[in-house]
Amino acid sequence: MIRRTLLFALLLPLSALAQLQVFVFNGTTDTPVGSLVNVGAAAPGDTLETRFHVRNIGDGPATLETLTLSGQAFTIASAPSLPYILAPYVGLASEVEFDVDFSPTSLGSFSAFLAVNGNQIALQGTSVAAAEVLILGSQTPLTAGQTISFGSGVVGTAIIQNFSLFNTSSASLTVNAVTVTGTGFSGPTGLTLPLQLGSGQSQSFQVSLTPEAGTPYQGTLTVDGRMFVLTGQGLDPPLPIASIAFASNVGASAQQNSITIALASASEVSGNGTLTMAFQPSVAGVTDDPAIQFLSGPLRKATVSIVKGASSALIGGQSSMAFQTGTTAGTITFTLTLENNAPQQTSLMIPDSPIILDVANAVALLGSLNISLSGFDNTYSASQMVFIFYDLKGNPMPQGAIDVNAGATFQQYFSSTQAGGSFALLAEFPVSGNTTEIGSVTAQIANSAGATTAQQIPIAPPPAPPTPPI
Amino acid sequence: MVALVAALPSAWPQPAIAPPQLGFVRDGASALRPVYGVTGSFVLGSPLAGKIVSEAFSGSIGLLKTDSSLAAFDSTGKRLASINAAGGPALFAFSSGGNTALAYIPSSNSLIEWRGSVFAPVPANYDEPDTVLAIAFPTPLEAALMVQRKDTIWELDLPLGKNQAISQHALIGVRAPMLALLTGDLVYSDSHGIVVRRSDVTEVHIAAPLPASFSLQQMNQNWVLLMDLNSSAQFAIHTAPGREGFYRLPE
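Here we summarise the structure given alongside this text.

### Here's the deal with the overall build of chain B
Secondary structure summary: chain B contains zero helices and 25 strands in total. A compact globule built from 251 residues would reach a C-alpha radius of gyration of about 18 Å, and chain B, at 19 Å, matches this within 12%. Overall, chain B is about 65 × 40 × 40 Å in size when its C-alpha atoms are taken along their principal axes. Residues counted as buried form 55% of the 251 residues belonging to chain B. In chain B, the proportion of contacts linking residues at least 24 apart, taken out of those at least 6 apart, comes to 36%. Of the accessible surface of chain B, which amounts to about 10200 Å², a share of 54% is contributed by carbon and sulfur atoms. Put simply, chain B has 15 plus and 19 minus side-chain charges, and the middle of one group is 6 Å from the middle of the other.

Put into structure tokens, the structure is as follows:
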């Protein structure tokens, strides 16, 4: 019984050992390794990474328990936490990876021993003399695999990066191949290959990135097999400076105006934005005037689009956007917001004005005169009214001027209406006698900005009743 | 002897004040909507009726046509009466006082009169094969039909209710679309904008960027609605003498 237990304990590691197989992975395929792996050559200061895969080629589970490395210039760069249980191999997902870096610091041959459970694998690498690659002006050599950022640049404009090749060894060396790949990247320029570099000599060259779109760019620079990653960012050219212009710069109520957006130059790029309008009344207690709005699309917000090559923007799909100024004094502010640009504002002041009368009618009815006044008071302060009636010859009627303070009535109206400062007033005057002898009436109405007079409004006869059916 | 009662301000009654109304329009959703405001500052009110095919407003009464009915409404938009009517649009005209009106329904070639409280079909001795562009209601006993005959628009003066001869004359220089107002004025377009031909044959030209195709309808006594037939854009034409102008209405 005791002997069986000892035998089982001895056999278990052997079984696990036999089940694990180590592969070198080149990024696409796995190649089984034997007892020796040559990782290749690297220049002093470079790092050459080798990727290994471990598979369980048995029928049952196996445990990766040991992963060690001993030797100069080699290190395990990444590895799974141990112990690591591997299921029988059925595909990529069932294997485990560890990476070994070869980073020589001097010329010569290097070796190390890699232990994977009981598998002993010898690693060999060679450090060869190679020109150092530097960014011109920098004292720090680039290491293979290092990323060099070109920064960002406007589409169509080349970003040039200067490099230099420097022979730090005591003997001359030859650079045989320098290549650049990647969309947008070009070069090298300034090199004639093969390049002979004596000890201590250097040679500069350039690589350029010319972005074709506002997107990230990535490429490679390879110097005799040592690859460096190149990155950059394309930037769309900025939209030209835009300026808001009104068809009329005269601020007044009850105006239909239009707005255009001119560009300082033809745009090199398409772009979008918004144009909003906001209103700040100058009338105390008034918060808004719904008549102040764009005349198409959403009331106070319009889309702005700039087409490549255009010298003006489209507002709501049109070359200009009509708006109206309402009937309330205050400030209308337009805010233009374009992509990647700070918002800009332009205001149109609507000053206080005396009442503007749009319609003034008078009609004689049986026993009364009705006077209709339609217009707007953008100060919301209408108060004193004066009416003077005239006979058919144009002479004032003997009653003289009739004054009325309608301030309270107007205030009550303005406090409840949604019509801004516009109003339609009906004044009914009881009359005794023949109303047809009254020829006209002059109406004066005042607000805080002044008085407005509708002179000699003719008094129309009563409307005829409908004719009887034929 | 005429005497104004209440010569003292304290005895004079306060005026009635309300939002000014500029008429009615048919909006892009075929709804009847009041227009409030003053010249140059318009606000559309809430929809009052839907499925409108045609509408017009004189300043005191309005007519509207749905696909199957003809109705009259007052200045508040309240429906006064309606009758069944043949399908399709209608043309409207108002009498000079604005209280009576005519409707012409092309699909049935029929005239219907609004007499202030009821609709009444109007017998007329008329059988016009040409396209009727507009109608007018110049007198209580007469209708006028503006018809397109080749390149010329003719006005046919049609006695109502009597089997009398039709008189006709060419409206030289007028082109479709056109509208006859209750004032007797004609509204049409030229290459520069809108033309208002007064009843005394003088013309007022209003510069305006006109849509490629449009219709005209009376929206108030001194206002004409111009509807862009290819978009939801609507415009208001002010036809009052001395105040003529062309404005865009909010959508």
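### Side note on the pairing of strand 9 (residues 96-102) of chain A
Residues and elements named next belong to chain A. Of all seven residues in strand 9, six are buried; the element is thus mostly enclosed. In this sheet, strand 9 lies alongside strand 7 (residues 74-78) in antiparallel orientation, the contact comprising four bridges. By the bridge assignment for strand 9, I76 is matched with V100.

### Re the interface of chain B and chain A
In many reports, interface size means the accessible area that the parts give up when they come together. With 38 residues of chain B at the contact, the number on the chain A side is 56 residues. A salt bridge links R243 of chain B to D358 of chain A, with the nearest nitrogen and oxygen atoms 2.7 Å apart. Remark: the boundary between chain B and chain A carries eight residue pairs in polar contact (both at pLDDT 80 or more). Residue composition of the side of chain B that touches chain A, by class: 25 nonpolar, nine polar and four charged. Where strand 35 (residues 422-432) of chain A and strand 2 (residues 16-18) of chain B come together, three bridges link them in antiparallel fashion. Considered in strand 2 of chain B, the bridge of L425 of chain A is made with I17 of chain B.

### As for the sheet that holds strand 19 (residues 202-209) of chain A
Residues and elements named next belong to chain A. Read across the open sheet, the four strands follow the order 12-14-19-17; overall the sheet is antiparallel. If you trace the sheet from one side to the other, it starts and ends with strand 12 (132-135) and strand 17 (185-189), each paired once. On average, adjacent strands in this sheet sit at an angle of 25° to one another, irrespective of strand direction. Bridge count for strand 17 against strand 19 is three bridges, and the pairing is antiparallel. Opposite S186, over in strand 19, you have S208 as the bridge partner.

### Here we look at the side chain of Q218 of chain B
Position of Q218 of chain B among the secondary structure elements: in strand 22 (residues 214-220). A polar contact of 3.3 Å, which involves the side chain of Q218 of chain B, links it to the backbone oxygen of N220 of chain B.

### A few points about unusual backbone geometry
Residues and elements named next belong to chain A. Across the junction of L82 and P83, the peptide omega takes the value -5°, indicating a cis bond. A cis amide bond links L193 with the next residue in sequence, P194, at an omega value of -5°. At Q456, a residue that is not glycine, the phi angle is positive and equals roughly 45°. We classify Q456 as partly exposed; its relative accessible area is 36%.

### Let's talk about the packing of aromatic side chains
Residue and element names in this part refer to chain A. Within this structure, the stated rule accounts for 23 aromatic pairs over all chains. Centroid distance F323 to F334: 4.9 Å. Interplanar angle 65°. Geometry classified as edge-to-face. Of this pair, F323 sits in strand 28 (residues 321-324) while F334 sits in strand 29 (residues 330-338); the two residues are 11 residues apart in sequence, bridging distant segments of the chain. Here the aromatic rings of Y380 and F414 are separated by 4.7 Å at their centres, their planes lie at 40°, and the arrangement is tilted. Of this pair, Y380 sits in the loop between strand 32 (368-376) and strand 33 (384-391) while F414 sits in helix 2 (residues 407-416), and the two are 34 residues apart along the sequence. The pair formed by Y380 and F414 is uniform in burial state, with each residue classed as buried. Aromatic rings pair up to connect Y380, F410, Y413, F414 and F423 into one cluster. Positioned above the aromatic ring of F23, the side-chain terminus of R55 is 4.1 Å from the ring centre.

### Structural notes on the side chain of D101 of chain A
Residue and element names in this part refer to chain A. By secondary structure assignment, the location of D101 is in strand 9. No salt bridge is formed by the buried D101, whose closest oppositely charged neighbour, R51, lies at an N-O distance of 9.6 Å. Among all residues touching D101, those that are not within four sequence positions of it are T47, L48, E49, A73, F74, T75 and A77.

### With respect to helix 2 of chain A
Every buried residue of helix 2 of chain A is accounted for by G407, T409, F410, Y413 and F414 of chain A. Viewed end-on, helix 2 of chain A has its buried residues packed into an arc of 160°, placing them on one side of the element. Looking at helix 2 of chain A, the residues exposed on the side facing more than 90 degrees away from the buried face are A408, Q412, S415 and S416 of chain A. Taken together, the buried residues of helix 2 of chain A touch strand 33, strand 34 (402-405), strand 35 and strand 36 (438-447) of chain A together with strand 2 of chain B.

### Some remarks on the pattern of salt bridges
Residue and element names in this part refer to chain B. Counted under the stated rule, the structure contains 13 salt bridges over all chains. The shortest N-O distance in the salt bridge between D130 and R149 comes to 3.1 Å. Placement of the pair is D130 in the loop between strand 13 (119-122) and strand 14 (131-139) and R149 in strand 15 (residues 142-149), with a sequence separation of 19 residues. Take R149: its relative accessible area is 23%, and that puts it in the partly exposed class. Its salt-bridge partner being E251, residue R248 comes within 3.0 Å of it at the nearest N-O pair. Residue classification places E251 among the partly exposed residues on the basis of a relative accessible area of 37%.

### Some points on the pairing of strand 21 (residues 226-235) of chain A
Residue and element names in this part refer to chain A. Of the pairings in the sheet, the one linking strand 13 (residues 147-154) to strand 21 comprises six bridges and is parallel in character. Bridged to T147 within strand 21 is V229. Bridge analysis of strand 20 (residues 216-223) against strand 21 gives eight bridges, and the strand direction is antiparallel. Residue pairing in the sheet places T222 in a bridge with M227 of strand 21. The turn joining strand 20 and strand 21, which pair antiparallel and follow one another in sequence, is formed by two residues; a positive phi near 50° is taken by D224.

### Structural notes on the environment of S422 of chain A
If you trace the backbone, S422 of chain A turns up in strand 35. Using a relative accessible area of 2% as the deciding quantity, one classes S422 of chain A as buried. On a C-alpha basis, the gap between S422 of chain A and G375 of chain A in space is 5.6 Å, while along the polypeptide they are 47 residues apart. What S422 of chain A contacts, discounting residues up to four positions off in sequence, is T327, G375, F376, Y413 and F414 of chain A together with P20, G37 and V38 of chain B.

### Focus: the nonpolar core
Residue and element names in this part refer to chain A. The biggest cluster of nonpolar side chains holds 35 residues, and the ones touching the most others in it are I371, M385, F387, F389, F410 and F423. Breaking this core down by element, the ones donating at least two residues are strand 31 (356-365), strand 32, strand 33, strand 34, helix 2, strand 35, strand 36 and strand 37 (450-460). Ranked by the residues each element gives to this core, the list is headed by strand 35, at five residues. Formed by 26 residues, the second largest nonpolar core is a distinct cluster that contains F294, A302, A313 and F323.

### Quick notes on the sheet that holds strand 20 of chain A
The strands that make up a sheet pair up through hydrogen bonds in the backbone, lying either parallel or antiparallel. Residue and element names in this part refer to chain A. Read across the sheet, four strands follow the order 13-21-20-16 without closing on themselves; strand pairing throughout is mixed. Each edge of the open sheet is held by one strand with a lone partner, namely strand 13 and strand 16 (178-181). Direction aside, neighbouring strands of the sheet carry axes that sit 20° apart on average. Summarising the sheet, strand 16 and strand 20 pair through four bridges and their orientation is antiparallel. Across the sheet, the residue bridging to T179 is T222, located in strand 20.

The rules we used
Along every chain, residues carry numbers that run from 1 in the direction the sequence is written. Whichever chain is written first is A, and whichever ligand is written first is 1; the rest continue in order. In view of the model being predicted, local features appear only for residues whose pLDDT reaches at least 70, and side-chain atom pairs are presented and counted only at 80 or more, with totals across whole chains, interfaces and linings using the full set of residues. Only heavy atoms go into the side-chain values, all of them from the structure, while hydrogens and water stay out. Under the DSSP-based scheme used, a helix requires at least four consecutive residues in state H or I and a strand at least two consecutive residues in state E, with every element numbered from the N terminus. For the radius of gyration, the atoms used are the C-alpha atoms, and the globule rule reads 2.2 Å times the number of residues raised to 0.38. Only protein chains enter the accessibility calculation, which uses a 1.4 Å probe. A residue is then buried if its area is under 20% of the maximum for its type, exposed if over 50%, and partly exposed in between. For this analysis, residues touch if any pair of their heavy atoms sits within 4.5 Å. Areas reported here follow the Shrake-Rupley algorithm with a probe of radius 1.4 Å; residue values treat only the protein chains shown as occluding. Lys and Arg are tallied as positive, Asp and Glu as negative. Neither His nor the chain termini are counted. Where a charge sits is defined by one atom per residue type, namely NZ (Lys), CZ (Arg), CG (Asp) or CD (Glu). Here a strand pair is declared whenever DSSP counts at least two bridges between the two strands. The term salt bridge refers to a pairing of a side-chain nitrogen on Lys or Arg with a carboxyl oxygen on Asp or Glu at a separation within 4 Å. Polar contacts here mean pairs of N or O atoms no more than 3.5 Å apart (in protein, one a potential hydrogen donor and the other a potential acceptor; neighbouring residues in sequence count only if both atoms are side-chain atoms). When residues are sorted by character, Ala, Val, Leu, Ile, Met, Phe, Trp, Tyr, Cys and Pro go into the nonpolar class, Asp, Glu, Lys and Arg into the charged class, and all the rest, Gly among them, into the polar class. Helix axes are fitted only over the stretch in contact, all axes being lines through C-alpha atoms; the angle between N-to-C directions runs from 0 to 180 degrees. Any two of the Phe, Tyr and Trp rings considered here, Trp counted by its six-membered ring, make a pair once their centres fall within 6.5 Å; the pair's planes then place it as stacked at under 30 degrees, edge-to-face at over 60, or tilted in between. Cation placement over rings: the criterion is NZ of Lys or CZ of Arg within 6 Å of the ring centroid and within 35° of the ring normal. The arc refers to the directions leading from the helix axis to the C-beta atoms. In this description, a nonpolar core means a group of buried Ala, Val, Leu, Ile, Met, Phe, Trp, Tyr and Cys residues linked to one another through side-chain atoms lying within 4.5 Å.

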